[in-house]
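Single-letter residue listing:
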Amino acid sequence: TLRFVVAATMAKKQQSTRRERNGGGAATTSSSIERARQADTKRRGRAKNNNNDAASSIKPSTTQLLFALVAVLAFASLLLLIAPFLPLPTSNLVASINDDEELLKTREFLSNFVCNYKPKLTTSDVDVDGYCHPKLVAAPKERTQRVAHDDYNPAFQLSSKVYSRVVILQQWFQFISNKLFITTNKSIAIPAGELVMRLPRPLQIWDLDALRDEFIQTEFLGVSDGPLVTHRETGNPLDSGAFLAVHLIRLIHGLRVGECNDSESQECTQLSSSEWTNMRQYEQRIHLLEPYLDMLPARHYDTTATSGSTAEYAHHDHPLIWPKSTLESLFPKYTHTYDLIVHYRRMIQSEYDALGQASKVFAQNVDFSEFLNMRVNVLSRAFGVSATENDSGAKWPKSEEAANESLLDEMISYETSNFGTYLDKSHQSSSFKLRSMSPLLDMYNSHPNPNVMWRYNEKTSSYDIRASNKNSLSPGDAIMVSYGKYTEGHLFAKFGYVNGDGSSPTEANLAVFHRPLGDVGLGRQYSLLPFHAWDSVSSPKGEATQLDKTKQVVGMQSKELLRYLIFDDGYKECVKVSDNEEYDQHEELKFLKLQHLIRIANDIDAWVVRLPEKFPDAKPPQSLSERPELGTDTSKVGVNAKKMLSTCRLLSLTVDDIGREAVDYLREGLSSDKFEVEKDGPTLEYRTMMCVARMCGVAMSRYGEYLTPKGRQEPKEFGSREWNAWYVRDGEMRVLGILRQTLLNEANKLKRQHNLHNDAAMTMRENGACNIEYSLPLLRKLSLIPCP
C-alpha cells in the first residue's frame, strides 16, 4: 500500500510538469505571452539599431561628394575631347569641314542654291521661290540632304565647337540606344505629305532648252541649211539627251571664257572658238546656273588603266567610264548586264562620232572623255518632265520669233529619236515626255521604297518634293526619292549603283545563239538597226545604201537564228531541208519558224526572263556605305518567262501540234503584229519546258568560273565596284538556276502524269544537235523574200 501511494504521488507530479510545459492552465499562458512580448521588443530594438548603423555607414561625406563630382566632370571632359575623333554613326552633319574647300562649296550649294533662291525674272510666271524645309540640313560628305536632329542649329554650329562635340556624342548615344533597345516611337520631324523641297524652273535645264540652243540648231538640227546629225551606221537620229550633254558642256566652256582672259593655260587656248563659247543667248542665265554646273561630277576615262590600278579606282566610279579590261574582268561577255553596258557605251561613242563629223567646231572643243562624262551625267541625273501645250515652263525661255508656235509643232521640228517625225506619228496624249537636269533633286539617292515623292507641278513649272503619304520623316533620315522602276542590271548600267537589298527585280537574257540588234534594252535611245526595221512607227528613209545595209545585217543575223532550229525536238530523225523549190510540210514548218524568229529576234522582251523582287518591302539604307536591311522574303513568286515560253513553243512545234494544223497556224500568225504561241498539249508543253531549260543551261555556261563556290563568294567591301558586280552577276545566275530547275521538275512531273515515257513526240536532243547544214537551204529561200 505504501508503494502504491508513492507511485501515485510521483505520477501526479510528472503530469503537472508536462501540463506546464505544454502551456496548460491560465497562469501558465499569461506568463508565456508576456515572455514572447518581451522577446519581440528586444528583436525590434536590435533591428532598428542595425538599420541606423547601416544608414550611417553609407551616407557620403562632403569629401566623397566632391570627388564624385570631379570624376563626372573629368569623364564628360574626356568625352568632349575625343568627340571630334569619333566618326558619326549616321551622317556627318556637324563635323568640321572648314579646311576642305570642296566640302565647303558643297555645303554652300546644298544649303542655298535652291533653298534660298528668289525670283530673278519679275515678268515671268514660271519664276517662284525655291524652298527647302527648315528641318533639312546639308550633309556635304554625302553630297545630299538629311533631316536635322531636334537640337541641330547650323548657325550655332559654326560659332560653337562645344556644340558640335555635344551633338556628336548625342548621336552616338542615340545610335547605341537604338541598337540596344528596339523602339517604334520615332519622333516626327516632317509629317507625311508635307512639302520638303521646291525646285523652280529657272534652275532646271531641259533637253528642250538644249534643242533651242542656236549653236545646236545650226550645227546639228538642220536649221539654216545646216546638217542633220544622225548615227552613221543606221541613219537613226540622235536622242535629245545627246544634245543636252552638248548644251551643258557649252555652258561650262562659256563660263571659262571670263577666267581665260586672265590665264594662259593650255585649257584656255583650246577654247578659242568664239562661235562655240558665244553665250549671248544665255547671258542672263548662265551665271545663275554656274554653281550647279560646277557641282556636276567630272569623271575621267582612261583607256590605259588596268583592273586594280590606283588611278582606275580613283576615277572610274561608273561602269560606263570603266576601261574594257575592267568590264570584262567583272562581267562575262554577252551576259545581260554586260550587253547593256556595252550598248550604252556604243551609243555614246556613236553620238560623239556623229556630232564631230557634223561640226568641226564641236570636234575642236570637246574630246570624247568630256562628252562621255557629261552624257553619263545626263543619263544618271536627268528627271522626267510631262509638259503640256499650255505649260509655261515649256514656253520659257522661248525666242520672240517662235512665241506663237505650238509646242507640238516645235517638237516635231526637232528631228531626234524621241521627237520629230516619230512624235508626229506616235503622239496621242496631251503631254510631252521631256527630261530635265534638276539641281539638288538629282543629289538625292534613290530606292524603290522612297520616303519622299517628286512630281512636276505644271501650275508653277517647278518640281515639288513632298514627304510620302505613307511615311513621315524622322530626325537623321536621308532624303530618298525613286528614279523609276529598273531591274538591278539596268540600274547598275545606267546609274552606276545597285540597291543590294532585293527590292528590285532581276533579269537574265536567253538569246544564247544570236545578238538582238533592234531594241537592245535602250528603247529608241539607240539601236544597231534602223528604227523602221523593228518598231511599228518609223518609216524607211528611202536611201538605197541604208536599205542595203539593213538587208545585209538582217541576213547575217538570220544565220545565227538557224542555230535555234538545229535540235528538231519532237522528231526521231533530223529534218533535212532540201534545195528544191517545193517543201514538204516538215520543211515548210521549219521555214515558217525561221520567219517568225526573224520577227522577234530584235524584240528584247521575247528573250529576257525576269525574277520579281525578293524583298519588295525592303527599307532604304541611310547611307550608301550602310548595308541595307532586308524585308519580307517573297521568293515563292515565280520567274516571269511568258514570252520566252512562247518562243520555245515556236521552236518546239511539230506538224502534229495545234490539231495537226501547225503549218497553217504559223502561216496565219505572220499577218499578226503580236503573235505568241499558246499552250496546246502535254507533249508540246514538255518540249517547251525542256527547250527553255536547255537555253538556261547554255546561258549559265557563260558565267564560267563565277559558277564555282569561289566565284560566287561575296566580296568583303560592301558597295565597292566588285561587290556591285558580284551582286548583279549572282542575281542573273540565280534567275537562270531557279528557272531551269523549276522547268525540269515541271517537265518530269508532266511526263509522269501523262505516262509519256515512250512517246516519240517527247524526243529531246540534249547530247547533240542536228547538222546545221541540214537547215542552210532555208537561207537561200529566205533571200527571195523582201527585207522587212
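Residues numbered from 1 in each chain as written. Predicted model: local features only at pLDDT ≥ 70, side-chain atom pairs only at ≥ 80, totals over all residues. Heavy atoms only, no water.

1. Focus: the state of the cysteines
By definition, a disulfide links two cysteine residues through a covalent bond between their sulfur atoms. The following threshold applies: The disulfide definition used here is simple: a pair of cysteine sulfur atoms within 2.5 Å. By definition, any uninterrupted DSSP run of H or I lasting at least four residues is a helix, any uninterrupted run of E lasting at least two residues is a strand, and each is numbered from the N terminus. Buried, partly exposed and exposed residues are distinguished by accessible area as a fraction of the type maximum, computed with a 1.4 Å probe on protein chains only: under 20%, between the cut-offs, and over 50%, respectively.
The tally for this structure, following the rule as stated, stands at three disulfides. Disulfide pairing is shown between C574 and C770; the S-S distance is 2.0 Å. A torsion of -85° about the S-S bond marks the disulfide between C574 and C770 as left-handed. Of the two residues, C574 sits in the loop between α22 (544-561) and α23 (585-600) while C770 sits in the loop between α28 (721-753) and α29 (777-782), which places them 196 residues apart along the sequence. What makes C770 buried here is its relative accessible area of 6%. Two residues, C648 and C691, share a disulfide whose sulfurs are 2.2 Å apart. Its torsion about the S-S bond being -65°, the disulfide of C648 and C691 is classed as left-handed.

2. Remarks on helix α15 (residues 336-358)
This is how it is decided: Each residue after the first adds 1.5 Å to the expected span of a helix.
For α15, spanning 23 residues, the distance from its first C-alpha to its last is 33 Å, which sits close to the expected 33 Å at 1.5 Å a residue. For α15, the tally of buried residues reaches 17 of 23 residues, placing the bulk of the element in the interior.

3. Brief notes about the pattern of salt bridges
Stated precisely, the cut-off is as follows: Each salt bridge in this description consists of a side-chain nitrogen of Lys or Arg and a carboxyl oxygen of Asp or Glu lying within 4 Å of one another.
On inspection of all chains with the given rule, the structure shows 29 salt bridges. The partner of K333 in a salt bridge is E328, with the nearest N and O atoms 3.9 Å apart. The salt bridge partner of R381 is D442, with a shortest N-O separation of 3.4 Å. Within this pair, whereas R381 is found in helix α17 (residues 368-381), its partner D442 is found in the loop between β7 (431-437) and β8 (445-446), the two being separated by 61 residues in sequence. Assigned by exposure class, R381 and D442 land together as buried. A single network of salt bridges, built from pairs that share partners, joins D239, E351, R375 and R435.

4. Focus on the environment of Y131
Inspection of the secondary structure assignment puts Y131 in strand β1 (residues 131-132). On a C-alpha basis, the gap between Y131 and M197 in space is 5.2 Å, while along the polypeptide they are 66 residues apart.

5. Section: the packing of aromatic side chains
Rules: What counts as a ring pair is set by centres within 6.5 Å for rings of Phe, Tyr and Trp (its six-membered ring), and what kind of pair is set by the plane angle: stacked under 30 degrees, edge-to-face over 60, tilted for all other angles. To sit over a ring, a charge needs its Lys NZ or Arg CZ within 6 Å of the ring centre and within 35 degrees of the ring normal.
The final tally for this structure, using the stated rule, is 31 aromatic pairs. Each residue in the set W206, F383, W454, Y456, Y463, Y483, Y486, F495 and Y497 is aromatic and connected to the rest through ring pairs, giving one cluster. Sitting over the face of the ring of W206, R201 holds its NZ or CZ atom 4.0 Å from the ring centroid. Above the face of the F531 ring, R524 is positioned so that its terminal group lies 4.1 Å from the ring centre.

6. Some details on the confidence of the model for the chain
For clarity, the threshold we go by: Confidence of the predictor at the level of single residues is captured by pLDDT, which takes values from 0 to 100. Contacts are assigned to residue pairs that have any heavy atoms within 4.5 Å of one another.
Per-residue pLDDT for the chain averages 82, and the proportion of residues at 70 or more is 76%. Low pLDDT (under 50) marks residues 20-29, which in the prediction has four contacts with non-local residues, meaning those over four places away or in another chain. For the stretch residues 155-159, pLDDT sits under 50, and the model shows eight contacts to residues farther than four places along the chain or on other chains.

7. Describing the sheet that holds β7
Stated precisely, the cut-off is as follows: When DSSP finds at least two bridges between two strands, those strands are taken to pair.
The three strands are arranged β5-β7-β6 in an open sheet whose pairing can be described as antiparallel. Each having just a single partner strand, β5 (205-206) and β6 (382-388) make up the two edges of the open sheet. With seven bridges joining them, β6 and β7 adopt antiparallel strand pairing. Bridge assignment links A387 to a residue of β7, and that residue is F432.

8. Points about unusual backbone geometry
The bulk of non-glycine residues show a negative phi, and the bulk of peptide bonds are trans. One non-glycine residue, R143, adopts positive backbone phi at about 55°. Mapped onto the fold, R143 is located in the loop between β2 (136-139) and β3 (144-147). The class of R143 is partly exposed, set by a relative accessible area of 29%. With a phi close to 65°, R660 is a non-glycine residue in the positive phi region. Turning to its location among the elements, R660 is positioned in helix α25 (residues 657-660).

9. Concerning empty space enclosed by the protein
The condition that has to hold: Think of a 1 Å grid over just the protein atoms. A cavity is a set of points where a 1.4 Å probe fits yet cannot get out, a pocket is an open set with protein on both sides within 12 Å along at least five of seven lines, and lining residues have an atom within 4 Å of a point. Grid points are joined across faces, edges and corners, and a volume is the space filled by probe spheres set on the points. Residues were grouped as follows: Ala, Val, Leu, Ile, Met, Phe, Trp, Tyr, Cys and Pro as nonpolar; Asp, Glu, Lys and Arg as charged; and all remaining residues, including Gly, as polar.
All told, the structure shown has three cavities of 30 Å³ or more when counted by the stated rule. Empty space within the largest cavity amounts to approximately 140 Å³. L565, D568, D569, K593 and L651 are, among the 17 residues lining the largest cavity, the residues nearest its centre. Contributing elements (two or more residues each) for the lining of the largest cavity: α23 and α27 (682-701). For the lining of the largest cavity, the element with the most residues is α23, which contributes four residues. When the residues that make up the lining of the largest cavity are grouped by side-chain class, the tally is 11 nonpolar, one polar and five charged. For the second largest cavity, the calculated volume is near 50 Å³. Around the second largest cavity, the lining residues are Y334, T335, H336, A508, N509, A699, R702, Y703 and L736.

10. What to know about helix α26 (residues 662-669)
Cut-off, in case you're wondering: By definition, the arc is the one covered by directions from the helix axis to the C-beta atoms.
Turning to α26, its buried residues number three or more, namely A662, V663, L666 and G669. Viewed end-on, α26 has its buried residues packed into an arc of 130°, placing them on one side of the element. Close packing links the buried residues of α26 with α23, α24 (642-652) and α25.

11. Topic: the side chain of R285
Relative to the helices and strands, R285 resides in the loop between α11 (274-277) and α12 (286-295). On the basis of relative accessible area, R285 is assigned to the buried category, the value being 9%.

12. What to know about the environment of N278
Note the threshold: Polar contacts here mean pairs of N or O atoms no more than 3.5 Å apart (in protein, one a potential hydrogen donor and the other a potential acceptor; neighbouring residues in sequence count only if both atoms are side-chain atoms).
Within the secondary structure, N278 is located in the loop between α11 and α12. Put simply, N278 and R250 are 28 residues apart on the chain and 8.8 Å apart in space, counted from C-alpha to C-alpha. Within the local environment of N278, its side chain forms a polar contact with the backbone nitrogen of R280, the two atoms lying 3.0 Å apart.

13. As for the nonpolar core
Operational definition: Here, nonpolar core refers to any group of buried Ala, Val, Leu, Ile, Met, Phe, Trp, Tyr and Cys residues whose side-chain atoms link them within 4.5 Å.
If you look at the biggest cluster of nonpolar residues, it comprises 113 residues, and the most contacted ones within it are V196, M197, F331 and F371. Apart from the residues lying within four places of it in its own chain, the contact partners of V196 are Y131, C132, H133, L136, I190, V452, I465, R466, A467, L473 and I479. Counting 68 residues, the second largest nonpolar core, distinct from the first, contains F513, Y564, V639 and Y686.

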